[in-house]
Amino acid sequence: MPRESVSSSAAPTVLRHPRAALALLSLAQLLIALDATIVFVALDAMGKQLQLDARHLQWVISSYSVAFGGCLLLGGRCADLLGQRRMYVAAMALFGLASWAGGFAAEAWQLVAARAGQGVGAALLFPATLSMINTLYAAGAARNRALAVWSMASAAGLAAGALLGGVLTETLGWHWVLWVLVPIAWPCAVAALRYLPAMPSVPRARRRFDVAGCVSVTVGSSLLVAALVQGPQWGWTDWRTATVLLLAILALAAFVAIEKRVAAPLMPLAMLRVRGLQTAMLLAMLFMGSYGVQYYFLGLYFQQVLGWSPMQAGLAFVLPTIVCTVGIRLAERGLVRHGARSVLLAGWVAGLLGMVWTAAVLPQAANYWWLVPGFVVMSIGQGASWTGMWVLVGEGIAPGQQGVASGVAATAQQVGAALGLAVLVMVAAAPLAGLHDAGEQAWRQANAQGLQYAEWGAALPALLALLVCAAMARPERAAARVAASA
C-alpha cells in the first residue's frame, strides 16, 4: 500500500459558523493553557489537606505532563483517521470528566489519576484543534488571523489560570481549581456538534491503525518525559533514572523501526524531512525551556522571596498576559507583510532582551515595578514567537496528516518543557545546598540567587532559538528552492 504524500493541496472546508467555530477552537486552547497554570498556586493547599509530601505534589504536576506528552501522537493520528470534530468532542468530554472526578479526590492516587486523565484529554484535544485551524482556514491572512485568536486564548488561559487558581484556592478551596474547568469542557463538547463542521475521516474499510507504532511511541514518549521530570528528584546518575531513560530510548527506537516497515504508519517518517516542521519542533522545545518556565520560577519568586499570597502572585501575571496579546496582534500583521522568519526573529530578540533584564534585576527587585520593563519586552516576544512557531507546523503537510504533524510539534514542546524545567530546577536549587540550618533571611537570599540563576539559564534556549531563526531561509530563497525542485 503506497504511503501518503506529505504535500498540502486540498481546499479548506466551507465554514457555516466561522466565528462560533473559531471561538470553540480557541476555547480548547484556553482550557489547555488554563489547566497548565491553575494548579500551581493550589499545590500548597492540596498538600496540607490531603497530607501529600513533596514527591506526591510533584506528581500532581508530572502525571499531567507525562500523559499529555506521551499521548500527543496518538491524539494526532486519531484526529486524522476518525475526524477532528469527533476527537474534539471526545477529548472535551474526557477532560471535563477527569476534572470533575479530581475535585472529589480524597487521596493522593485519586488526584494524580485525575490529572493524568486531564493530560490524556488534552493530548487528544490539542492536535485536533490545531489541525482544524490548518485545515479549515486557507493559508495566508485567514489562517494567520485564526492562529492569532487561538494564541490570544492561550495567553489568556495562562494568566487566568494563575489568577483564578489563587482566587479559588483562597475563597472556595483547591477543589474548585479542577471543578471550574467542567463548565468550559462539557458545553464546548455539545456546541461542537452544531458549530464545527463534520471533518472528513478515513473510511472504515481503509482505516488502518498502527497499533504497534502507537504503543511504542506512547510508551517511549511517556517514559522520556517521566525520566526528565523525575531526574532532579532521583538524581541523574541514579539507576532508576538510567533505567527509565534506557527503556524510553529502546521504545522510541522500536517505533522508528516499526514506522519504516508498516504499510500505514502512525507517523510517516518523510514528514520529519519537511523543513518547516523540523524548525517548528526545535523552536517548540526551546520555547518551553525559555518562555515556558517563567510562570514556575517567577511564581516561586513572588511567593517565597517577596512573600506574596497566591492571589497576589496570580495578579502579577495579568500585565504580561495583556502585553502578550499585543505581541500576538503584531505577529498577525507581520506574518502578512514580512513572513514567519522576520516575525520569529523579532519575537526571539525581544524575548531574549526581556529575559536578560529580568535575570539582571531579579535579586534587587524589592517590588514588582523593577520587573515590569523585562515583562513588557519579554511578553511581546512571547506572543510573536508563539504565533510564528505554529504557523510553520502546517506548512507543506497534507490535510490528512495535519493531526499527526500537530502532535509531533506538541510532543517536542512537552519534551522541551520537561527537560528545561528539570535542568533549571537543579540550577535554582544549587545555592540552597547546605542551608538546612540557616536562618530565614539567609535562605531567602539564597533562594532569590538560585531563581536568578534559573532566569539566566532560561535565556540560553532563547539565544539558541534566535540563532535557529536567523538560519532559516529567507522567503525569496525558499521560493526559489521550491521552484527549482518543481
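In this text, all values refer to a predicted model and were calculated from it rather than measured experimentally.

So, how was this worked out
- Residues numbered from 1 in each chain as written.
- Predicted model: local features only at pLDDT ≥ 70, side-chain atom pairs only at ≥ 80, totals over all residues.
- Heavy atoms only, no water.
- Helix = DSSP H or I, 4+ residues; strand = E, 2+ residues; numbered from the N terminus.
- Buried < 20%, exposed > 50% of the residue type's maximum accessible area, 1.4 Å probe, protein only.
- Contact = heavy atoms within 4.5 Å.
- Areas by Shrake-Rupley, 256 points an atom, 1.4 Å probe, with all protein chains shown as cover.
- Axes fitted to C-alpha atoms, helices over the stretch in contact; angles between N-to-C directions.
- Parallel < 35°, antiparallel > 145°, perpendicular 65-115°, else oblique.
- Left-handed = near helix turned anticlockwise from the far one by under 90°.
- Nonpolar A, V, L, I, M, F, W, Y, C, P; charged D, E, K, R; others polar.
- Salt bridge = Lys/Arg side-chain N within 4 Å of Asp/Glu carboxyl O.
- Phe/Tyr/Trp six-rings, centres within 6.5 Å; stacked < 30°, edge-to-face > 60°.
- Arc of directions from axis to C-beta.

Novice: What am I meant to see in the overall build of the protein chain here?
Specialist: A count of helices and strands for the protein chain gives 19 helices and zero strands. Counting all 486 residues of the protein chain, 55% fall into the buried class. Restricting to contacts in the protein chain with at least 6 residues of sequence separation, those with at least 24 account for 84%. Counting only carbon and sulfur atoms, one obtains 67% of the accessible surface of the protein chain, whose full area is about 20100 Å².

Novice: Would you take a moment to explain the packing of helix α11 (residues 275–290) against helix α17 (residues 402–429) for this structure?
Specialist: In helix packing, the relevant descriptors are the interaxial angle and the interaxial distance, both defined with respect to the helix axes. As a packed pair, α11 and α17 sit with axes 7 Å apart at the nearest point and diverge in direction by 30°. By the angle between their directions, the pair α11 and α17 is classed as roughly parallel. Judged by the twist between their axes, the crossing of α11 over α17 is right-handed. Residues L277, M281, A284, M285, M288 and G289 of α11 touch α17, and the partners they reach there are A405, V408, A409, A412, Q413, V415, G416, A417, G420 and L424. The residue inventory of the contact of α11 with α17, partitioned by class, reads 12 nonpolar, four polar and no charged.

Novice: Help me understand the side chain of S26, please; the structure alone is not making it clear to me.
Specialist: Counting through the fold element by element, S26 comes out in helix α1 (residues 18–38). Judged by relative accessible area, S26 falls into the buried class, the value being 7%.

Novice: Help me understand the environment of V41 in this model?
Specialist: One can find V41 in the loop between α1 and α2 (43–50). Judged by its relative accessible area of 11%, V41 is buried. Spatially, the C-alpha atom of V41 lies 9.5 Å from that of V167, the residues being 126 residues apart in sequence. In contact with V41, not counting residues within four places along its chain, are A162, G165, G166, T169, Q303 and P310.

Novice: What's the story with the pattern of salt bridges in this structure? I'm lost.
Specialist: A side chain of one charge can pair with a side chain of the opposite charge if their charged atoms are brought near each other. Counted according to the given criterion, the structure contains four salt bridges. Residues D238 and R240 are paired through a salt bridge, measuring 3.0 Å at the closest nitrogen-oxygen approach. Under the relative-accessibility criterion, R240 is labelled partly exposed at 33%. Overlapping salt bridges, with partners in common, bring together R145, R329 and E332 in one network.

Novice: What exactly am I supposed to notice about the packing of aromatic side chains here?
Specialist: For any pair of aromatic rings, the description rests on two quantities: the centre-to-centre distance and the angle between the ring planes. For the structure shown, the criterion picks out 21 aromatic pairs. Ring geometry for F126 and W150: centres 5.8 Å apart, planes at 55°, overall tilted. Remark: W150 occurs in helix α6 (residues 141–171) and F126 occurs in helix α5 (residues 108–136); sequence separation between them is 24 residues. A residue is classified by how much of its surface remains accessible, and F126, at 3% relative accessible area, is buried. Ring geometry for F287 against W386: centres 5.3 Å apart, planes inclined by 55°, an arrangement best described as tilted. Here F287, found in helix α11, pairs with W386, found in helix α16 (residues 372–393); they are 99 residues apart in sequence, far enough to count as distant. W386 shares its class with F287; the two are buried. Members of the aromatic cluster, each reached through a chain of ring pairs, are F126, W150, F287, Y291, W348, W386 and W390.

Novice: Please explain α2 as it appears in this structure.
Specialist: Residue pairs spaced three or four apart in an α-helix point in one direction, given the helix's 3.6 residues per turn. Along α2, the residues classified as buried are L43, M46, G47 and L50. The arc that holds the buried residues of α2, viewed along the axis, is 95°, so those residues lie on one side. One or two steps after α2, the chain reaches Q51, where phi turns positive at roughly 55°.

Novice: What am I meant to see in the packing of helix α14 (residues 318–337) against α16 here?
Specialist: Where α14 meets α16, the axes come as close as 7 Å, and the angle between the chain directions of the two elements is 45°. When the interaxial angle is binned, α14 and α16 end up oblique. For the element pair α14 and α16, the recorded crossing hand is right-handed. Contacts between α14 and α16 involve L319, P320, V323, C324, G327, I328, L330, A331 and L335 from the first element and V372, F375, V376, S379, I380, Q382, G383, A384, T387 and V391 from the second. In terms of residue class, the contact of α14 with α16 is made up of 14 nonpolar, five polar and no charged.

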